[in-house]
Amino acid sequence: MTETRGRRSGGRAARQAARLSAVVESVPFLTRTLSPVEVISEEGLSLLEENADTILAEVGIEFRDAPDAIAHFHEAGADVDGERVRFPRGLARQLVQATAPREFTQFARNEERSVVFGGANTIFAPAYGSPFVRDLDGGRRYGTIEDFRNFVKLAYVSPWLHHSGGTVCEPVDLPVNKRHYDMVAAHLTLSDKPFMGSVTHPQRAQDTVDMARIVFGADFVEQNTVVFSLINANSPLVWDATMLGSARAYAEANQAVMMTPFILAGAMSPATVAATCAQTLAESLAGMAYCQLVRPGAPVVLGSFASSMSMQSGAPTFGTPEPALVLYVMAALARRLGVPFRSGGALTASKIPDAQAAYESANTMQPTMLAGTNFVLHAAGWLEGGLAMGYEKFVLDADQLGMWHSFCKGVDLSENGQALDAFLTNEPGTHFLGHAHTLANFETAFYRSPLADSSSFEQWESEGARDTATRANAHWKRALAEYEQPHLDDAIAAELGEWIGQRKASFPDSDV
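Residues numbered from 1 in each chain as written. Predicted model: local features only at pLDDT ≥ 70, side-chain atom pairs only at ≥ 80, totals over all residues. Heavy atoms only, no water.

Engineer: Even after reading the chapter, I still don't get the overall build of the protein chain, so can you show me in this structure?
Structural biologist: Looking only at helices and strands, one finds 19 helices and 20 strands in the protein chain. For the protein chain, the C-alpha radius of gyration of 24 Å lies close to 24 Å, the compact-globule estimate for 512 residues. A buried classification covers 51% of the 512 residues belonging to the protein chain. Sequence separation of 24 or more characterises 76% of the internal contacts of the protein chain that already satisfy a separation of 6 or more. Carbon and sulfur atoms make up 54% of the accessible area of the protein chain, which amounts to about 22,600 Å² in all. Separation between the mean location of the 40 positive side-chain charges and that of the 59 negative ones in the protein chain comes to 6 Å. (Helix = DSSP H or I, 4+ residues; strand = E, 2+ residues; numbered from the N terminus. Rg over C-alpha atoms; globule rule 2.2 N^0.38 Å. Buried < 20%, exposed > 50% of the residue type's maximum accessible area, 1.4 Å probe, protein only. Contact = heavy atoms within 4.5 Å. Areas by Shrake-Rupley, 256 points an atom, 1.4 Å probe, with all protein chains shown as cover. Lys, Arg positive; Asp, Glu negative; His and termini not counted. Charge placed at Lys NZ, Arg CZ, Asp CG, Glu CD.)

Engineer: What am I meant to see in the pattern of salt bridges here?
Structural biologist: Opposite charge on two side chains allows them to pair when their charged atoms are near. In total, this model carries 20 salt bridges according to the counting rule given. Between Asp182 and Arg149 there is a salt bridge, and its shortest N-O distance comes to 3.7 Å. Of this pair, Asp182 sits in helix H6 (residues 179-190) while Arg149 sits in helix H5 (residues 145-157), and the two are 33 residues apart along the sequence. Here Lys178 and Asp509 are joined by a salt bridge, their closest N and O atoms 2.7 Å apart. Placement of Lys178 in the loop between H5 and H6 and of Asp509 in the segment after helix H19 (490-505) is noted, with a sequence separation of 331 residues between them. Sharing partners across several salt bridges, the network here consists of Glu42, Glu49, Arg93 and Arg336. (Salt bridge = Lys/Arg side-chain N within 4 Å of Asp/Glu carboxyl O.)

Engineer: Help me out: how do you make sense of the nonpolar core in this one?
Structural biologist: When a protein is soluble and globular, its nonpolar side chains tend to lie buried together. Formed by 95 residues in total, the largest nonpolar core has its most connected members in Phe63, Phe87 and Trp239. Top contributing element to this core by residue count: helix H10 (residues 273-294), with 11 residues. In this structure, Ala155, Met183, Met369 and Leu401 belong to the second largest nonpolar core, which totals 43 residues. (Core = buried A, V, L, I, M, F, W, Y, C linked by side-chain atoms within 4.5 Å.)

Engineer: Whenever I open this one, helix H9 (residues 241-252) confuses me. Can you help?
Structural biologist: Owing to its 3.6 residues per turn, the α-helix aligns residues three or four sequence positions apart on the same side. An ideal rise of 1.5 Å per residue puts 16 Å on 12 residues; H9 measures up with 16 Å between its terminal C-alpha atoms. A distance of 3.2 Å separates the backbone nitrogen of Thr242 from a side-chain oxygen at the start of H9, and that oxygen is part of Asp240. Looking one or two places after H9, you find Asn254, whose phi comes out positive at around 70°. (Expected span 1.5 Å × (residues − 1). Polar contact = N/O pair within 3.5 Å; in protein donor to acceptor, adjacent residues only side chain to side chain.)

Engineer: I tried to follow the sheet that holds strand S12 (residues 238-239) on my own but got confused; where do I start?
Structural biologist: Sheet strands associate in pairs through backbone hydrogen bonding, adopting either a parallel or an antiparallel arrangement. Spatially, S3-S4-S2-S12 is the arrangement adopted by the four strands of the open sheet, whose pairing is mixed. Each edge of the sheet is formed by a strand with only one pairing partner; in this case those strands are strand S3 (79-81) and S12. The sheet contact formed by S3 and strand S4 (residues 84-86) spans three bridges and is antiparallel. Bridged to Val80 within S4 is Val85. Along the sheet, H10 contacts strand S2 (61-63) and S12; its crossing angle with S2, the most-contacted strand, is approximately 40°. (Pairing = 2+ DSSP bridges. Axes fitted to C-alpha atoms, helices over the stretch in contact; angles between N-to-C directions.)

Engineer: It is not clear to me how helix H11 (residues 321-337) should be interpreted in this structure. Could you clarify?
Structural biologist: Compared with an ideal rise of 1.5 Å per residue, which puts 17 residues at 24 Å, H11 spans 25 Å between its outermost C-alpha atoms and is within 8% of the ideal. Extensive coverage of H11 is indicated by the burial of 12 of its 17 residues. Along H11, the positions that sit buried rather than exposed are Pro323, Ala324, Val326, Leu327, Tyr328, Val329, Met330, Ala331, Ala332, Leu333, Ala334 and Leu337. Positive phi appears at Gly338, one or two residues downstream of H11, with a value of about 95°.

Engineer: Would you explain the pairing of strand S11 (residues 227-233) in this entry?
Structural biologist: Looking down a regular strand, the side chains alternate between one sheet face and the other. In terms of burial, S11 is a largely internal element, six of the seven residues being buried. Bridge analysis of strand S10 (residues 195-196) against S11 gives two bridges, and the strand direction is parallel. Following the sheet pairing, Phe195 is matched in S11 by Val227. Examined bridge by bridge, S11 and strand S13 (residues 256-264) share six bridges and lie parallel to one another. Residue pairing in the sheet places Ile231 in a bridge with Met259 of S13.

Engineer: Got a minute to help me understand the sheet that holds strand S19 (residues 382-383) in this structure?
Structural biologist: Spatially, four strands are ordered S9-S8-S20-S19 in an open sheet, and the strand pairing comes out mixed. Looking at strand neighbours, the two that pair on one side only are strand S9 (139-142) and S19, the edges of this open sheet. Alignment of strand S8 (residues 132-135) against strand S20 (residues 388-390), held across three bridges, turns out to be parallel. Residue pairing for S20: Val133 is matched across the bridge by Met389.

The values reported here are purely geometric and, on their own, carry no functional implication.
What follows is the structure, encoded as structure tokens:
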């Protein structure tokens, strides 16, 4: 028995040492070298800002079941009528610009993976909120905590995803009122990248902050941003108590939120680009102003999620021109306001990772990148209008993110990039395949996709004639099989586990 315990102890120690020394391939968040594309003039942007002010001043925003918000705004000089708050022109903007940071850092558990919001930076995070998952083997099914942990692991091992995300899928096998403990714990223990917190109830937001304090240290959390979370408006022109309560919990703790109107144009906003932009700006301004009144200087992000819709069925549509224009305009408006911007993603209405999924996702990612978006939620895995998280879609999207990393570096004009010496030492009519410059650059000259097949037809056929989804299926399975958990101090892990156990035991399960 003693000998057996010795072997087990040695094996455990070896595995711990391996985890400590393991290096997961990663790249820093993307810093763009290309200027953002502008699709509207300065005069046009000013007009939309005036329209947003008109909405805020003459229509107003409802803050439902949120007496603290009403009190804050009344004290700040807004006109309050019951739950309706009307903002004198310029007030919401002034409240945001007075204290909201133009840039901020979200610290990761591994500080080398920390990310900076704002400026020329772009951060990629997985898709969010799907109740279903899909893969080639099991088809479409409800998500479980195992699926949730799998996607956290896949985001961790992908070099092109800078962020662990938040509700990467809903683990419907756990009680609604307690599943956030396991979800946040997965982000904190299975990854060391930045993560997003729970927002489905103010107490769950507070629980997220408390868990972060255990892992990062209470003093560190007080002085630094370690949690970033998604707060959605109840468009049109409503902020509700659940979202505001969660935003308050994070703002009070100096943690970051993105105040994001979720707009299906034609239903939750008028069916035009300009109207959707003005409404998005008005709603987000009101939400960010509230956060600044709760705690001046709390990090905020202007969020925009706007989809077109089928005017025949009412279903959301993706990859269409109008939401792309909204995205370009909102990115410019966020820059003028002076706060980071969130939008975009690899969005599609397709149910499977097919051609429709590819072109709709590409049509959304292109304006996302060219507009200069700072935080890209839904960058990998999104299917079925957000109802499903796809395993194959996840790794295919991540591959595309790698290509965007290469593209956004811009044109290399260094001595090596110009390659004049290669011209001067190579005779006309002689190919460059064997030239020293080519040999020195061939490994890094072009992005290499791990999933795309560029072989001959004969080779492709001899290797099984596998389509893209089949290759992606093998890829994500291999990634999970090779996953190594990042190190977390044993004492911290034990304290976190004990705290979660006590909290779960302190109240009954509920599906509310």
